[in-house]
Amino acid sequence: MATLTKIDEEKLIQEQGYNDHFHDHHHGDKYKSNFITTYIFSMDHKIIAKQFLITGMFWAIIGAGMSIIFRLQLGFPEEDYSWLRYLLGKWIVLDEAGVGSLSQEFYYALVTMHGTILVFFVLTAGLSGTFSNLLIPLQVGARDMASPLLNMMSYWFFFMAGLVMFISLFVSTGPFSGGWTAYPPLSALPQASSGSGAGMTLWLVSLVLFVVSVLLGGINYVTTVLNLRTKGMSMWRMPLTIWAFLITAIIGILSFPVLVSGFLLLILDRSLGTSFYLSEIFIGGQALDHVGGSPVLYQHLFWFLGHPEVYIIILPAMGIVSEVLSVHARKPIFGYKAMVLSILAIAFLSFIVWAHHMFMSGVNPFISNFFVLFTLIIAVPSAVKVFNWIATLYGGNIRFNSPMLFAIGFVSMFISGGLTGIFLGNSTIDIQMHDTYFVVAHFHIVMGIAAFFGMFAGIYHWFPKMYSRFMNDTLGKIHFWGTLIGAYAIFWPMHYLGIAGVPRRYYSFDTFDTFRHFGTMNQFITVAAIVVFALQLLFVVNFFYSIWKGKKVTTQNPWGATTLEWTTPITPGHGNWPGNIPAVQRWAYDYGKDGREFISQIEPLAEGEKEH
Amino acid sequence: MSQNNTLLKQRINPQMFGLYLGLASVLMMFAALTSAYMVRQAAGNWLEFRLPVQFFYSTAVIIISSVILHMAVRNYSQGKFGIYRILLLLSAALGLGFVILQYAGWLEMELIGVYLTGNPSGSFVYIISGLHAIHVLGGLTALFISVLVAFMASSKVTIKRKHRLKLLLHYWHFVGALWIYLLLFLILQN
Ligand code: HEM
Ligand SMILES: [Cu+2]
C-alpha cells in the first residue's frame, strides 16, 4: 500500500470496496460463542431487529385482543360474557340473572392499555426499533451500529418496560384506566379510581424504562447514520428509509425527555404531595389540600411529546413505503429531494402544533389560532409526499405483490386519515368533534392502520433479508385485501358516529336517546374488528411458518433492488459483508435508467454517465 | 466500533457525538421544566421568594471546578502527571462541594418556609435544582473514578485515556453551563 498514491488508493476502494480490516482479527468469537450471546443477549443489529419485531408482534396480539374484548361489550352489551371469566376472572361481573358483562372499570383499563401498548410498544418499538436496527447498518454500509452494547441495552430496556406493563395487567386493582394520555387528576391521585393506584405506578415505571430504551436506540441510530456511512454514501445518496429513521430518531431524542419531565412532576404529585397538576380537588366529598396546580400544564408537557410521537410512528412507515413503492414500481422515487425536505418540514412543524389536542382544554382561543395555522400547514408537506408517491406509481411497471400492495394501501389510508386531520385542525370544528369517534376514526386510519401497513410492507419486503426465505404471497394478498376492506369497515362508520357527537371512551350509550339508534352500527364495527383481528392471526401464522418452511431465497438480490443490503450474502453473518465494505457510487434510485432495469448503488458511473 | 472506519474521514468521534446527543436530550428535559415554570407562573397564585445565597456560592464553585478540570486534562496531554493528579482531585472535591452547597440551599429554603409541597413556585425550584444535582452526581461518579485511575494506573499518555477524559470534561462543562442557565432563568423570572 505504501507505494500507492492517494489517487490509486481511491481507485482501488472504488473498484474493490473499502477494507476496514474487520475480518483480520479474530473477534468473531466474541459474538458467536453460544446460544445465549447469539440469540438472547445479542449485540448484532440483525438479531436485535428480530427481537424488536417479535416482541412487537407479541404486544400487537395482546393489544388488539384487548380491543376485541371491549368492542364485544360495546357492540353486543346484552350478550352473556360469563365464559370470559376463565380469562378475566373478577373483571366479568354477573347480574342477578347470571348474565356476565365486562366491568366498567376494566373496560376503561382495556381501552387505556390498548392505546398505550399500540402506540408505544407496537408502533414505536416494534416499527422503528425493528427497521432502524435492521436497515441502518445494512443500507449505509456499516458493520453494525456505532455502539452495539447500547443497542442491546435499548432492546432490554424495552423488554423490561413491557414486563412491568404486563405485570400491571395482573394487579388486583387492575391496570391504569385513565386513558393512554394519562391526564391528571385521574393519573395523579391514587384514590381517584382503582386503576389509579398500583396500576398507574407501574404504568409510569414502565414508560420511563421505555423512554430510556428509545433514547439509547435513537442516539445510536443518529450516530451511526452520521458517522459510519461507507465510502461514497453522501447524505443525498441515502435511501429514504435512512432519512426517515434518522429524523425519527432526532425527534425522539428531543421530545421524549419532555415527557419524562412531565412524568417527574406527576410522580411527585402522586407520592410526595406536591401540587404541580392538582388544585382545589374534592374526592368522595373530601377536599384535598392540593392547591395551586394546573392540570393543563400536564397536557402541554404530554402533547409536546404526544404530537411528535405520532410522527415518530409514521415517518419510518413513510420511509419504508417510499422504498418499497420505488422498488416494486421499478421507477425512481419521484421528487427525492422534495421527499427529504418534506420529512424535515414535517419534523420541524410537529414541534409547534401540540396544542391542537387542547383546543377544548381551556386554552386561550387567540393562541389557538396559531396552532390552527401551523397544524394546517403540516398538510402541505404531507400532500407533497402523497403526490410524489402517486407520481412514483404513475406509469410504473408495477409488481402487485404483498409488500407493494401494503405500500399502496398505506398511501390510501394516509390520504383518508390526513383529510380528517384537516377537519380537526380547525379549532371551531373541533368544538363539535373533540373527544368523539371522529377523532378515533382519524387517528386509527392515519396512524394505526397506515403505520401497520407500512410495517407490513416492510416485513414482506425485507423478510428475505431477515430469514433468507419468502413469506407466502397468496396468504399475504388475502391478508392485505381483507385488512384493507375490514379496516375501512371498522373506521369509516366511526366518522358518522363522531359527527353525530357520540363521545369516545364511553362504556355504554343506553341512557342517551340520541345515540341509541347507532346500536347496529356498533355491532357492524365489532364484527368487522373480529374479522380483521382473525386476518392478523393469519399473518402471524404465515410469518412463523415462513421462517422455517417458506420458499428459500436463492439469489442475492431477489427484488432487483439497488440498495446495499442486497449486496450482502443471502444470509449475512456478523459484520454483514464477508470481505470489504462496498463503496457507493450513485444514489439509491437508479431504476429504468439507460435502458437497464436497475443499477446497484455499488456500480460505478459508466463513462459519460451523469448521476441522476 | 470507531476503529472500523479509521480509514474514512471521521467528522467527529462517534462517542463524543453520542454524548452530545445525550446532552441534547438532557437539555430538553430542563427546557420542559423551565417552560412549565413559565406557564404555571403566568397562571397567577405564585409565591415570590429570594433564592438561597448558597446557590450563588455553588455557582462559583462549579465554574472553578470546570476550569480546573480543563487544566487537568491539558496537563495530562502534556504528560505532567503530578499536576494532573492534583488538579483532577481538586476538581472532584469542588464538584462534591457544589452538591453540598446545593443541599445547604435547600435547607435554607425550608428555613424561610418554602417547602417542597407548598406553592408550586417553591416546588419548581426544588425539582429543577434537584434534577440538576442528580446529573452533577452522575458526572461526579465518573470524575471520582477517573481520580482513582489517575492515581492507580501507569503514568502513560494513551489515546484512549485522553479520549475518556475529554468525554468527562465536556459533560462536566455541560452540567456547569446548565446550572448557570437555570440560575439565570430563576433570577430573571422573579
Ligand atoms: C394533515 C395532518 C393532520 C392533522 C391536521 C391532524 C390534526 C389532528 C387534530 C386537530 C387532532 C385533535 C383532535 C381532538 O382531540 O379533538 C388530532 C388527533 C390525533 N391525531 Fe392527527 N392530524 C394529522 C395527521 C396525523 C397523523 C399523520 C397522525 C399519526 C401518524 C395523527 C395522529 C393523531 C392521534 C393519535 C390523535 C388523537 C390523540 C388522542 O386524543 O388520543 N394525526 N389530529
Ligand atoms: Cu397532533
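The structure displayed is predicted, hence computed values, not measured ones.

Bringing the site of ligand 1 into the picture now. All names here are of chain A. Lining the immediate surroundings of ligand 1 are 22 residues, of which Trp180, Asp430, His434, His442 and Arg504 lie closest. Contact distances for ligand 1 include 2.9 Å between an oxygen atom and a side-chain N or O atom of tryptophan 180. Breaking the shell around ligand 1 down by element, the ones donating at least two residues are α10 (295–329), α13 (402–425) and α15 (437–467). The leading source of residues in the shell around ligand 1 is α13, at six residues. Grouping the amino acids of the shell around ligand 1 by side-chain chemistry returns 12 nonpolar, eight polar and two charged.

Residues and elements named next belong to chain A. The protein atoms that coordinate the copper ion (ligand 2) are His307 (ND1), His356 (NE2) and His357 (NE2), at distances spanning 1.9 to 2.1 Å. Taken as a pair, the copper ion (ligand 2) and the iron atom of ligand 1 show a spacing of 4.6 Å. When its relative accessible area of 14% is taken as the criterion, histidine 356 is described as buried.

All names here are of chain A. Under the counting rule described, the total for this entry stands at two cavities of 30 Å³ or more. The computed volume of the largest cavity comes to approximately 960 Å³. Along the wall of the largest cavity there are 46 residues; nearest its centre are Ser67, His114, Leu118, His444 and Phe491. The element that contributes the greatest number of residues to the lining of the largest cavity is α15, accounting for 12 residues. Classifying every residue of the lining of the largest cavity gives 33 nonpolar, 10 polar and three charged. What the second largest cavity holds in volume is close to 180 Å³. A class-by-class count of the residues in the lining of the second largest cavity yields 10 nonpolar, 10 polar and no charged.

Here we come to the side chain of serine 279 of chain A. All names here are of chain A. Along the chain, serine 279 turns up in the loop between α9 (240–271) and β3 (282–283). Here the side chain of serine 279 touches glutamate 280 through a polar contact of 2.4 Å, side chain to side chain. Only 3.2 Å separates the side chain of serine 279 from the backbone nitrogen of glycine 292, close enough to count as a polar contact. Among residues more than four places away in sequence, those in contact with serine 279 are His290, Val291, Gly292 and Gly293.

This part is about the interface of chain A and chain B. Across the contact, 43 residues belong to chain A and 31 residues belong to chain B. In total, about 3100 Å² of surface goes out of reach between chain A and chain B, with carbon and sulfur atoms giving 71% of it. When the buried area of chain A at its contact with chain B is split by residue, Tyr18, Asn227 and Phe276 of chain A rank highest and sum to 17% of it. Across the chain A-chain B interface, the total number found is zero salt bridges. Our count for the chain A to chain B interface comes out at two residue pairs in polar contact (both at pLDDT 80 or more). For the side of chain A that touches chain B, the elements supplying multiple residues, two or more each, are α8 (198–227), α9 and α10 of chain A. With nine residues, α9 of chain A is the single largest residue contributor to the side of chain A that touches chain B. Counted by class, the side of chain A that touches chain B contains 25 nonpolar, 12 polar and six charged residues.

Here the focus is the coordination of the iron atom of ligand 1. Only one protein atom coordinates the iron atom of ligand 1: His442 of chain A (NE2), located 2.1 Å from the metal. One can find histidine 442 of chain A in helix α15.

The next subject is the environment of serine 427 of chain A. Residue and element names in this part refer to chain A. One can find serine 427 in helix α14 (residues 427–433). When its relative accessible area of 18% is taken as the criterion, serine 427 is described as buried. For serine 427 and aspartate 80, which are 347 residues apart along the polypeptide, the C-alpha to C-alpha distance reads 42 Å. Apart from residues no more than four positions distant in its own chain, serine 427 is found in contact with Phe359 and Val372.

Three or four residues apart is the spacing at which side chains of an α-helix point the same way, because the helix has 3.6 residues per turn. Taking 1.5 Å per residue as the helical rise, helix α16 (residues 473–499) of chain A with its 27 residues ought to reach 39 Å, and the 39 Å between its terminal C-alpha atoms agrees with that figure. The N-cap of α16 of chain A, judged by a side-chain oxygen 2.8 Å from the amide nitrogen of threonine 474 of chain A a few residues on, is asparagine 472 of chain A.

Thresholds, definitions, all that
- Residues numbered from 1 in each chain as written.
- Chains lettered and ligands numbered in written order.
- Predicted model: local features only at pLDDT ≥ 70, side-chain atom pairs only at ≥ 80, totals over all residues.
- Heavy atoms only, no water.
- Near = heavy atom within 4 Å.
- Polar contact = N/O pair within 3.5 Å; in protein donor to acceptor, adjacent residues only side chain to side chain.
- Helix = DSSP H or I, 4+ residues; strand = E, 2+ residues; numbered from the N terminus.
- Nonpolar A, V, L, I, M, F, W, Y, C, P; charged D, E, K, R; others polar.
- Donors = N, O, S within 2.8 Å, 3.2 Å for Na, K, Ca; no water.
- Buried < 20%, exposed > 50% of the residue type's maximum accessible area, 1.4 Å probe, protein only.
- 1 Å grid on protein atoms, 1.4 Å probe; cavity = no way out; pocket = protein on both sides within 12 Å on 5 of 7 lines; lining within 4 Å.
- Points joined across faces, edges and corners; volume = space filled by probe spheres on them.
- Contact = heavy atoms within 4.5 Å.
- Buried area = accessible area lost by both parts, 1.4 Å probe.
- Salt bridge = Lys/Arg side-chain N within 4 Å of Asp/Glu carboxyl O.
- Expected span 1.5 Å × (residues − 1).

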